[in-house]
Amino acid sequence: VGTRGVGAPVRTAGVPIRAMRGAARSLVGLLSLPARPVPRGRRVRGVAVDLRSGAVAGAAAWWIGTTVAPAVPAMQVLTAFGVIIAGCLLVSAALRLRRRSFPPPETRLIAGRPAIGLHAWAAEHWLEIVVDCALALTCLGVLIADAARGGRWLPWTLLLLVPIVWFGGLAAAALTGRRNPEGLWVVDDDLVHESGWGREQTPLAGCSAVTVSGTVLVLVFVEPTQRTICPRPWRPPLPASGEMRVETAALAVPAAELGRWLAPALPDDCDVRLGE
């Protein structure tokens, strides 16, 4: 059974002192998590994947640009896409190489209210957004370029409408906050969970139980959580309306450890069961 003790005070860097003075008691006394270094093997694998993928994209862009693109405007669009993706992957590799630790618990203002929480590495989320935007715009560019040349490839180019809608929808959902990197925030007396399917919020006082299921921290609430949901078909399956399921693997924190971190903010009658 998990402990409910109070640890060292968490730093309030990033939030004005005047805002923290009005914070509810749930922000006070949350356990400080230890530093979580990124394993060297994980960093090396991530850098290698980015460099390999970037090299493939760059080589494809060079081949198309020097052999096909000069005579076919649609292929010029593909060349530009390859260059953009190769550049993004090189930037991603450099960021991974510099990344020594996972994001620590941090404080910020959410909707004007002081909050403290954990979130996944945002750079990977933004790389996905850039790639989704590039794919959608590339397909749109190829469609427009072919139409400008009299529609030589019609009706086959109309099939590009599928990836335009799919990747464009993914990017739009992410940019509007309906697809998010995994995150868990204590905001005054509320708990806010961000995930790939959207965002949910609910009062901490309504939490009745906390358990662990593999790498998932499961919080059960008396009332359904208030949700902002990513529309279909771009969202993964939703959990039950009264459950908050936090995928802790994305946060690089064991589920039981995240539960112990959150425990001081939970109501006294909450049944916290975190295993051994």
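Attention now goes to the packing of aromatic side chains. Enumeration over the complete set of coordinates arrives at 1 aromatic pair. Between Trp-166 and Trp-234, the ring centres sit 6.3 Å apart and the planes meet at 25°, which makes this aromatic pair stacked. Taken together, the positions of Trp-166 in helix 5 (residues 161-175) and Trp-234 in the loop between strand 8 (226-229) and strand 9 (243-247) put the pair 68 residues apart, joining distant regions of the chain. For Trp-234, a relative accessible area of 19% gives the class buried.

This part is about the pairing of strand 1 (residues 106-110). Residues in a regular strand point their side chains to alternate faces of the sheet. Direction of pairing for strand 1 relative to strand 2 (residues 113-119): antiparallel, over a ladder of 5 bridges. Residue Thr-107 lies in a different strand from strand 2, and its bridge partner there is Ile-116. The hairpin formed by strand 1 and strand 2 contains 2 residues between the paired strands, and Ala-111 there has a positive phi angle of roughly 55°.

With that out of the way, let us pick up the environment of Ala-48. Mapping Ala-48 onto the fold places it in helix 2 (residues 40-67). When the C-alpha positions of Ala-48 and Ala-93 are compared, they lie 7.7 Å apart, and in sequence the two are 45 residues distant.

Ordered by their spatial adjacency, 6 strands build an open sheet running 1-2-3-4-5-8, and the pairing between neighbours is antiparallel. The strands lining the two open edges of the sheet, one partner per strand, are strand 1 and strand 8. This sheet shows a mean twist of 25° between the axes of neighbouring strands, independent of strand direction.

Take the nonpolar core next. Core analysis: the biggest nonpolar cluster contains 26 residues, and Leu-191, Val-210, Leu-219 and Leu-258 have the highest contact counts within it. Among the elements of the structure, strand 2, strand 3 (183-187), strand 6 (207-213), strand 7 (216-221), strand 9 and helix 6 (255-262) are those that each provide at least two residues to this core. Element by element, the count of residues in this core is highest for helix 6, at 5 residues. Apart from residues lying up to four places away in sequence, Leu-219 is in contact with Leu-191, Cys-207, Ala-209, Val-210, Gly-242, Glu-243, Met-244, Val-246 and Leu-262. The next biggest cluster of nonpolar side chains, apart from the first, holds 8 residues, and it includes Phe-81, Ile-85, Ala-86 and Cys-88.

Take the packing of helix 4 (residues 122-148) against helix 5 next. Viewed as axis vectors pointing N to C, helix 4 and helix 5 meet at an angle of 145°, and their least axial separation amounts to 8 Å. For the element pair helix 4 and helix 5, the recorded crossing hand is left-handed. Together, His-125, Trp-126, Ile-129, Asp-132, Cys-133, Leu-135, Ala-136, Cys-139, Leu-140 and Leu-143 of helix 4 and Leu-161, Pro-163, Ile-164, Phe-167, Gly-168, Leu-170, Ala-171, Ala-174 and Leu-175 of helix 5 make up the contact between the two elements. Within the contact of helix 4 with helix 5, the residues separate by chemical class into 16 nonpolar, 2 polar and 1 charged.

Below, the discussion takes up a nonpolar patch on the surface. Residues Leu-137, Leu-140 and Ile-144 make up a contiguous nonpolar surface patch of about 290 Å² in total accessible area. Within the element layout of this structure, Leu-140 appears in helix 4.

This part covers the pattern of salt bridges. Any two side chains of opposite charge can pair, on the condition that their charged atoms come close. In this structure the tally under the stated criterion is 10 salt bridges. Of the charged contacts, one joins Arg-113 and Asp-188 as a salt bridge, the two residues approaching to 3.8 Å between their closest N and O atoms. Remark: Asp-188 occurs in the loop between strand 3 and strand 4 (190-195) and Arg-113 occurs in strand 2; sequence separation between them is 75 residues. A relative accessible area of 24% means that Arg-113 is categorised as partly exposed. Taken together, the shared-partner salt bridges in this structure form one network comprising Asp-50, Arg-96 and Glu-124.

Attention shifts here to helix 5. When the terminal C-alpha atoms of helix 5 are compared, their 21 Å separation across 15 residues agrees well with the 21 Å that a helix rising 1.5 Å per residue should span. Those residues of helix 5 not exposed but buried are Pro-163, Ile-164, Gly-169, Leu-170, Ala-171, Ala-173 and Ala-174. Contacts made by the buried residues of helix 5 are with helix 4.

Attention shifts here to the side chain of Ser-195. Structurally, the position occupied by Ser-195 is in strand 4. Overall, the relative accessible area of 3% leaves Ser-195 in the buried class. At 3.0 Å, the side chain of Ser-195 and the side chain of Trp-197 are in polar contact. When near neighbours in sequence (up to four residues on either side) are disregarded, Ser-195 contacts Arg-179, Asn-180, Pro-181 and Glu-182.

Looking at where Glu-200 falls in the secondary structure, it is placed in strand 5 (residues 198-203). Only 2.8 Å separates the side chain of Glu-200 from the side chain of His-193, close enough to count as a polar contact. Among the polar contacts made by the side chain of Glu-200, one reaches the side chain of Arg-227 at a distance of 3.2 Å. Among all residues touching Glu-200, those that are not within four sequence positions of it are Leu-191, Val-192, His-193, Thr-225, Gln-226, Arg-227, Glu-243, Met-244 and Arg-245.

Parameters at a glance
- Residues numbered from 1 in each chain as written.
- Predicted model: local features only at pLDDT ≥ 70, side-chain atom pairs only at ≥ 80, totals over all residues.
- Heavy atoms only, no water.
- Phe/Tyr/Trp six-rings, centres within 6.5 Å; stacked < 30°, edge-to-face > 60°.
- Helix = DSSP H or I, 4+ residues; strand = E, 2+ residues; numbered from the N terminus.
- Buried < 20%, exposed > 50% of the residue type's maximum accessible area, 1.4 Å probe, protein only.
- Pairing = 2+ DSSP bridges.
- Axes fitted to C-alpha atoms, helices over the stretch in contact; angles between N-to-C directions.
- Core = buried A, V, L, I, M, F, W, Y, C linked by side-chain atoms within 4.5 Å.
- Contact = heavy atoms within 4.5 Å.
- Left-handed = near helix turned anticlockwise from the far one by under 90°.
- Nonpolar A, V, L, I, M, F, W, Y, C, P; charged D, E, K, R; others polar.
- Patch = residues over 30% accessible without salt bridge, like charges linked within 9 Å, V, L, I, M, F, W, Y side chains within 5 Å.
- Areas by Shrake-Rupley, 256 points an atom, 1.4 Å probe, with all protein chains shown as cover.
- Salt bridge = Lys/Arg side-chain N within 4 Å of Asp/Glu carboxyl O.
- Expected span 1.5 Å × (residues − 1).
- Polar contact = N/O pair within 3.5 Å; in protein donor to acceptor, adjacent residues only side chain to side chain.

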